[in-house]
Amino acid sequence: MRRLLIPAAVVVPLLLAGVPAGAAPTRPGGDVPRPVRAAVETPSLFDDAAGGDADADDPAIWIHPTDRAGSLVIATAKNGGLRVYDLAARERQSIGTPAAPGPDDEAGRFNNVDLVSGFGLGGRRVDLAVVTDRGRDQLRFYRIDPASRRLTDVTAPDVPFAFSRDQAEVNEQRTAYGLGTYTAPDGAVYAVVSRRSTPEVGVFRLVERAGRVTYRRVDRLVLPSTFTLPDGSRWSPCTDPGDGPQVEGTVVDPDTGVVHLAQEKVGLWRIRLVDGRFRGAPQPVERVREYGVPAAYDADEEDCVTDYAADPGFGGRIAQDVEGLTIYRTGRSTGTLVVSSQGDDTFYTYDRRTDRPTGRFAVVDGRVDGSQECDGAAVVSTPLPGYPGGLLVVHDGRNTPETPGEDGEARPDTNFKFLDAGFLASHR
């Protein structure tokens, strides 16, 4: 295993100008987002005891090999496990998380999901849903059966911890977090996985063992935590005490092996994956608006407080946190990278090949409510029933109308929105 470290202080050029000093996260970044509307939404998930502590996060779209109407959306619900939906956003299957290994240990908590097609397992080729279990610091694997359209756990019983040395370290929850899969030209399958509360990203090769799936780590990257600004001053993004600036959104271009990483409070990075290893140094694509803005952790508020009045103007357009990443693929080198800008409830788009900014959109209220505080997103350009331009699925972190609980307070409500993705063809 090779270890690649990037120097802590990095001189980062200002990629996009014109951002006004003092811009708050909810302030538009110089352009008006295009409004788009969802066709349907999944049932509410409630992050409370009555709802099984289910909290929607990240989706993936599986296309049925012979019957497109049988395609599925597979999505994480954190402590609530996995949910599987049909194209009408109806739930077909619910899969629970693994139990805690001991009374004082963390139980499973599913964070991100991605897909692998044609993985060799048990003498045949199968499609897999791959999940980061941030509670147990593992990857988990589910075979997708085209006949029944159901998922079956095929995780090896002895899968290792992704990052932690032992269970005590797992319980500290600096664990497997973001996820993007990639099948190399030679057929080897990899998962690019970020580590929660750190700037670390690992590459894991998926392998079969006795008819089950396991993995081994083959490379490691640590993104910068401290930056030298254009005026020569040093800056670090504010995080919870003891934490580093983490990455969550992760996507690997299936044709080129280019990896995009969303470092939530810093911005969007780009690096290549060659033979399962990172090639070269990561390059910045765009910084969050808050890049370089002074901020400090407030113990009373239990959050970072940002001094927008002191903004030096070095940021980009995306409002922290930068979150979900997905590619609308229209050819071997054409298409659109979609980036969730969680801080202003919008999405930015980039040319897939050049990373040139191409637009901005927001999922607004229509037949169903819009998307706010979006974490994960997934898109395919394949025409599907009801979605002639392809399907875009986005997380909604604040689903409305609100549902009152027994105490009269609104229950924490999240779900996923399904949209026709055809509008992305104009983001070039």
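Just above sits the structure.
Residues numbered from 1 in each chain as written. Predicted model: local features only at pLDDT ≥ 70, side-chain atom pairs only at ≥ 80, totals over all residues. Heavy atoms only, no water.

Across the junction of Gln320 and Asp321, the peptide omega takes the value 5°, indicating a cis bond. Locating Asp321 in the fold gives a position in the loop between strand E25 (303–306) and strand E26 (322–329). Following Thr400, the chain continues to Pro401 via a peptide bond in cis, the omega torsion being 0°. Inspection of the secondary structure puts Pro401 in the loop between strand E31 (391–396) and strand E32 (413–420). With phi around 55°, Lys78 is a residue other than glycine that occupies positive phi space. The topology assignment puts Lys78 in the loop between strand E7 (72–76) and strand E8 (82–85). (Helix = DSSP H or I, 4+ residues; strand = E, 2+ residues; numbered from the N terminus.)

A word on the sheet that holds strand E3 (residues 34–37). Strand order in this open sheet of five strands is E3-E29-E28-E27-E26, and the pairing throughout is mixed. In the strand order of this sheet, the two ends are held by E3 and E26, each with one partner. Geometrically, the sheet is characterised by an average inter-axis angle of 30° between neighbouring strands, direction not taken into account. Here six bridges tie E26 to strand E27 (residues 335–341), and the two strands are oriented antiparallel to one another. Bridge assignment links Val322 to a residue of E27, and that residue is Ser341. (Pairing = 2+ DSSP bridges. Axes fitted to C-alpha atoms, helices over the stretch in contact; angles between N-to-C directions.)

A complete count under the given rule lists one disulfide for this structure. What pairs with Cys238 in a disulfide is Cys304, and their sulfur atoms sit 2.1 Å apart. Between Cys238 and Cys304 the sulfur-sulfur dihedral comes to about -85°; the bridge is accordingly left-handed. Taken as a pair, Cys238 in the loop between strand E19 (234–235) and strand E20 (247–252) and Cys304 in strand E25 lie far apart in primary sequence, 66 residues in all. An identical accessibility class is assigned to Cys238 and Cys304; each is buried. (Disulfide = S-S within 2.5 Å. Buried < 20%, exposed > 50% of the residue type's maximum accessible area, 1.4 Å probe, protein only.)

The full count for this structure, using the stated rule, is 25 salt bridges. Arg195 serves as the salt-bridge partner of Glu169, at 2.7 Å between the closest nitrogen and oxygen. Of this pair, Glu169 sits in helix H1 (residues 167–170) while Arg195 sits in strand E15 (residues 189–195), and the two are 26 residues apart along the sequence. No difference in accessibility class separates Glu169 from Arg195, as the two residues are buried. A salt bridge links Glu200 to Arg220, with the nearest nitrogen and oxygen atoms 2.7 Å apart. Of this pair, Glu200 sits in strand E16 (residues 200–209) while Arg220 sits in strand E17 (residues 212–222), and the two are 20 residues apart along the sequence. Accessibility assignment for this pair places Glu200 and Arg220 in one class, buried. Via salt bridges that share partners, Arg165, Glu169, Arg195, Glu200, Arg217 and Arg220 belong to a single interconnected network. (Salt bridge = Lys/Arg side-chain N within 4 Å of Asp/Glu carboxyl O.)

Among the secondary structure elements, Asp369 is positioned in the loop between strand E29 (357–364) and strand E30 (377–380). A polar contact of 3.1 Å, which involves the side chain of Asp369, links it to the backbone nitrogen of Thr400. Side chain to side chain, Asp369 and Lys417 meet in a polar contact 2.6 Å long. Excluding residues that lie within four positions of it along the chain, Asp369 makes contacts with Glu41, Val364, Asp396, Arg398, Asn399, Thr400 and Lys417. (Polar contact = N/O pair within 3.5 Å; in protein donor to acceptor, adjacent residues only side chain to side chain. Contact = heavy atoms within 4.5 Å.)

Negative charge collects at one region of the surface, where Asp240, Asp300, Glu301, Glu302 and Asp303 lie side by side. As for its position among the elements, Asp303 is in strand E25. Its relative accessible area of 42% is what places Asp303 among the partly exposed residues. (Patch = residues over 30% accessible without salt bridge, like charges linked within 9 Å, V, L, I, M, F, W, Y side chains within 5 Å. Areas by Shrake-Rupley, 256 points an atom, 1.4 Å probe, with all protein chains shown as cover. Lys, Arg positive; Asp, Glu negative; His and termini not counted. Charge placed at Lys NZ, Arg CZ, Asp CG, Glu CD.)

One finds Val192, Leu261, Phe278, Val339 and Tyr350 to be the most contacted residues of the largest nonpolar core, which totals 37 residues. Per-element tally for this core: the top contributor is strand E22 (residues 267–274), with four residues. Apart from the residues lying within four places of it in its own chain, the contact partners of Leu261 are Val192, Val201, Leu221, Leu223, Val247, Gly249, Thr250, Gly267, Leu268, Trp269 and Leu325. Ranked by size, the runner-up nonpolar core spans 22 residues in total, among them Leu121, Ala156, Ala162 and Val193. (Core = buried A, V, L, I, M, F, W, Y, C linked by side-chain atoms within 4.5 Å.)

Time to look at the environment of Gln246. Counting through the fold element by element, Gln246 comes out in the loop between E19 and E20. Residues Gln246 and Thr336 lie 90 residues apart in sequence; the distance between their C-alpha atoms is 24 Å. Only 2.8 Å separates the side chain of Gln246 from the backbone nitrogen of Ser197, close enough to count as a polar contact.

The strands that make up a sheet pair up through hydrogen bonds in the backbone, lying either parallel or antiparallel. Taking strand neighbours across the sheet as the criterion, the four strands line up as E20-E21-E22-E23 in an open arrangement whose pairing is antiparallel. A single partner strand is all that each edge strand has here, and the edge strands are E20 and strand E23 (277–287). Neighbouring strand axes in the sheet, compared pairwise and without regard to direction, differ in orientation by 20° on average.

On to the packing of aromatic side chains, then. Here the structure, examined in full by the defined rule, presents 10 aromatic pairs. Seen from their ring centres, Phe141 and Tyr215 are 6.1 Å apart, and the 50° between their planes marks the pair as tilted. Residue Phe141 is found in strand E12 (residues 138–145), and its partner Tyr215 is found in strand E17; the two are separated by 74 residues along the sequence. No difference in accessibility class separates Phe141 from Tyr215, as the two residues are buried. Ring centres of Trp235 and Tyr291 lie 5.0 Å apart, and the angle between their planes is 65°; on these two criteria the pair is classed as edge-to-face. One end of the pair, Trp235, is in strand E19; the other, Tyr291, is in the loop between E23 and strand E24 (295–298), with 56 residues separating them in the sequence. As far as the burial class goes, Trp235 and Tyr291 line up, both buried. Through a chain of ring-to-ring contacts, three or more aromatic side chains come together here, namely Phe141, Phe163, Phe204 and Tyr215. Seen from the ring of Trp269, Arg287 lies directly overhead, with NZ or CZ sitting 4.4 Å from the centre. Looking at Arg411, its charged tip hangs above the ring of Phe46, at a distance of 3.8 Å from the centre. (Phe/Tyr/Trp six-rings, centres within 6.5 Å; stacked < 30°, edge-to-face > 60°. Lys NZ or Arg CZ within 6 Å of the ring centre and 35° of its normal.)

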